Amino acid sequence: MSGAQPEKSGRRKGKAACALLLATSMLALLRPAPLHAQETELRGEVSESAILSDQQRKARKLALAKQAQQASANAAQDNAPARTYLPASAGAVPDETNTNDATATGSVFDPPAATDDTSTDTAAPSKPRRPSTARQKAADKAKAADKSTKKKSTTTATDATTTTGAIAAAADNADNTDTDQAANRRALTVDSADRQKLDPGAERTASIEGQNKKVEDDPFAATGIKWGSFVIRPTIEQGLTATSNGDSSNAGKSALLSETALRFSAASDWRENSATINGYGLFRETVSGYPVHNAQGRIEGQLNVDLDNELRAIAKLGYEAVPESASSPDAIAGVSSQPLRQTVNGSLGIEKDVGKMRYALTGAVEHDFYGDAKLSDGTSLSQKDRDSTLYTATLRTGYEISPAITPFTEIEVGRRTYDLRFDTDGFERSSTRLGARAGLQLDMGEKLSGEFSAGWLREAIDDDRLEAISGATMNADLKWSPERGTTIGLTGKTTVEGTTTAGQSGDILYSGRLTGERQIRANLTGNAALGLDWRDYIGIDGHDMTLSAEAGLTWWLNRYAGLTSRVRTEKLTSNLPGRDYTANSIYLGVKVQR
């Protein structure tokens, strides 16, 4: 009876265990599971950005898994123990045996175990010889190295396992984060691409005032006034001139003059073509001394137009009003004021480049007309017989040896026509002009630029009683800058001057001027000039020579105002009576520009 009781109790315990397992299974089946839609993230609208984010998440997950596998493989390969060296012949290296362990394998041929019984017939085998000290040390080092290698391998494997676990954990965290962000994400708006976040690491843009400013070549140069597409730079100069000869004549006397000079220049700001306008006005009035009333001025403009096929057009137009100089060969004696000479000139030129050849054709017209001379008795003397018009045509041909040097030749033909066929003395003074020149054009940038030429000019007068005006011609316009801030200029010109004096054909005037300008300081500029004029009369044995020298300084107080001064001397010598004179003057004034 007592034996059956434990068996019955065991059965009850088995049934209770089965009931517990069954109840646990039912609870597991009845547990509410999350909606499949939430797990697959199909709630609401799914945008392209959510799909792209999911793909990127999976790609990152695969990349992290590959990196973990690669790191584990590299660690296992680096820490694998070296293979034990096995010699080719057996017995080369003695086997390491443990003397404390039994060597019996259970075979009948195994030696009997050693015993302490002295009565046995079989003697116990002798113990192996103790290794030498050197061999023992080598064995100890080998064992220590083996233990160190095993410990390092174990540590590396542990680190690799830890690294792999960390990478896997990071991937799971990233996966969970991406899953949380991608689930039920709102679709992007149309203008989301325009509303980008600012880069917090971007550097702040500096202010305009803090940027480096370009150093100006001339900090005291006129800035100009913007007017439409032109930049105008006006200048006014007012001062006093003390001179020993008020009108630069043989009878002139000293005087103190008030001198006012107005100048302006305008340049276009066009993209392709260009235009320039320059002008000046000079007014001189006597303050004390010899009476002088003088006003003169000039304005001229130039237009450059680029046409097709290396073709350019250049148009010029000018007007000048200057009273007849008291030192002129045609000056009238005994008058209160000399006649006013007005000149209107214009030209149109076409330039064409064909390879290295340079061609230019220019037509020009110049008309001179004179006002009446006022005599001392109050009457006037007409000067209409001096009015004339000059028509010229010039053909230039050049060859570009290099971009800096271009030699050229010119041929000029023209006709001078007087408004009155016969002058007051009955001479027919209209004439025909013919000339030829050869020269060199230089273009070396700011260092040296310009041109010079020499040739021959002849102007045959229609009246056979008058000799033709002919002679050598020289023209030059060069600028040389030996160093920054210094400019040397050379100009030369040959002019044919007509006359209405009976029996005379006219004269040829050669004018030359050498100028120099030096920027001593940024606000201090010095200038100097030397002049030489030679006049050769045709029909009579006469000539004039005029020498002049000038030096001046301009000190700028600021960009818009400055003080200016200059001294000048001029002397004319002639083999004709009543023409010599000397004039010395000094000027001091104020100059204002914009």
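Residues numbered from 1 in each chain as written. Predicted model: local features only at pLDDT ≥ 70, side-chain atom pairs only at ≥ 80, totals over all residues. Heavy atoms only, no water.

### Concerning the overall build of the chain
A tally of regular secondary structure across the chain gives four helices and 22 strands. Looking at the chain residue by residue over its 594 residues, the buried ones come to 24%. For the chain, the proportion of contacts with a sequence separation of at least 24, taken over those separated by at least 6, is 55%. Carbon and sulfur atoms form 57% of the exposed surface of the chain, whose accessible area is close to 40,700 Å². (Helix = DSSP H or I, 4+ residues; strand = E, 2+ residues; numbered from the N terminus. Buried < 20%, exposed > 50% of the residue type's maximum accessible area, 1.4 Å probe, protein only. Contact = heavy atoms within 4.5 Å. Areas by Shrake-Rupley, 256 points an atom, 1.4 Å probe, with all protein chains shown as cover.)

### Examining the packing of aromatic side chains
Counted under the stated rule, the structure contains one aromatic pair. The ring of Tyr-370 is capped by Arg-386, whose NZ or CZ atom sits 4.0 Å from the centre of that ring. The ring centre of Tyr-587 lies 4.1 Å from the NZ or CZ of Arg-566, which sits over that ring. (Phe/Tyr/Trp six-rings, centres within 6.5 Å; stacked < 30°, edge-to-face > 60°. Lys NZ or Arg CZ within 6 Å of the ring centre and 35° of its normal.)

### What to know about the pairing of strand β4 (residues 274–289)
With 13 bridges joining them, strand β3 (residues 255–268) and β4 adopt antiparallel strand pairing. Directly across from Glu-259, in β4, lies its bridge partner Arg-284. Counting the residues that bridge the hairpin from β3 to β4 gives five residues. Looking at chain direction, β4 and strand β5 (residues 293–307) are connected through twelve bridges and run antiparallel. Across the sheet, residue Phe-283 finds its bridge partner in β5, namely Ala-295. (Pairing = 2+ DSSP bridges.)

### Digging into unusual backbone geometry
Backbone geometry places Ser-248, a non-glycine residue, at a positive phi of 55 degrees. The class of Ser-248 is partly exposed, set by a relative accessible area of 22%. Residue Asn-309 is not a glycine yet carries a positive backbone phi of 55 degrees. Within the fold, Asn-309 resides in the loop between β5 and β6 (311–323).

### Topic: the pattern of salt bridges
For the coordinates displayed, the defined rule picks out 33 salt bridges. The partner of Arg-263 in a salt bridge is Glu-237, with the nearest N and O atoms 3.7 Å apart. Here Arg-263 is found in strand β3, whereas its partner Glu-237 is found in strand β2 (residues 230–243), with 26 residues between them in sequence. Here Arg-263 falls in the partly exposed class, since its relative accessible area comes to 43%. The salt bridge involving Glu-259 is made with Arg-284; its shortest N-O contact spans 4.0 Å. Taken as a pair, Glu-259 in strand β3 and Arg-284 in strand β4 lie far apart in primary sequence, 25 residues in all. Residue classification places Glu-259 among the buried positions, given a relative accessible area of 11%. If you follow the salt bridges from partner to partner, you end up with Arg-396, Glu-410, Glu-412, Arg-416, Arg-433, Arg-437, Glu-451 and Glu-459 in one network. (Salt bridge = Lys/Arg side-chain N within 4 Å of Asp/Glu carboxyl O.)

### A short note on the sheet that holds strand β7 (residues 335–337)
Within the open sheet, the three strands sit side by side as β7-β10-β11. Their pairing is antiparallel. Each having just a single partner strand, β7 and β11 (380–381) make up the two edges of the open sheet.

### Topic: the nonpolar core
Counting six residues, the largest nonpolar core consists of Leu-457, Ile-469, Val-496, Ile-508, Tyr-510 and Ile-538. Residues within four places of Ile-538 in sequence aside, it is in contact with Glu-467, Ala-468, Ile-469, Gln-504, Ser-505, Gly-506 and Asp-507. (Core = buried A, V, L, I, M, F, W, Y, C linked by side-chain atoms within 4.5 Å.)

### Overview of a nonpolar patch on the surface
Residues Ile-236, Leu-262, Phe-283, Trp-555, Leu-557, Leu-563, Val-590 and Val-592 make up a contiguous nonpolar surface patch of about 680 Å² in total accessible area. Relative to the elements of secondary structure, Leu-262 occurs in strand β3. On the basis of relative accessible area, Leu-262 is assigned to the partly exposed category, the value being 37%. (Patch = residues over 30% accessible without salt bridge, like charges linked within 9 Å, V, L, I, M, F, W, Y side chains within 5 Å.)

### Comments concerning the environment of Tyr-581
If you trace the backbone, Tyr-581 turns up in strand β22 (residues 581–593). Since its relative accessible area comes to 7%, Tyr-581 is described here as buried. Placed 35 residues apart in sequence, Tyr-581 and Thr-546 show a C-alpha to C-alpha distance of 9.5 Å. With sequence-adjacent residues up to four places away left out, Tyr-581 is seen in contact with Asn-245, Ser-248, Ser-249, Asn-250, Ser-327, Glu-570, Lys-571 and Leu-572.

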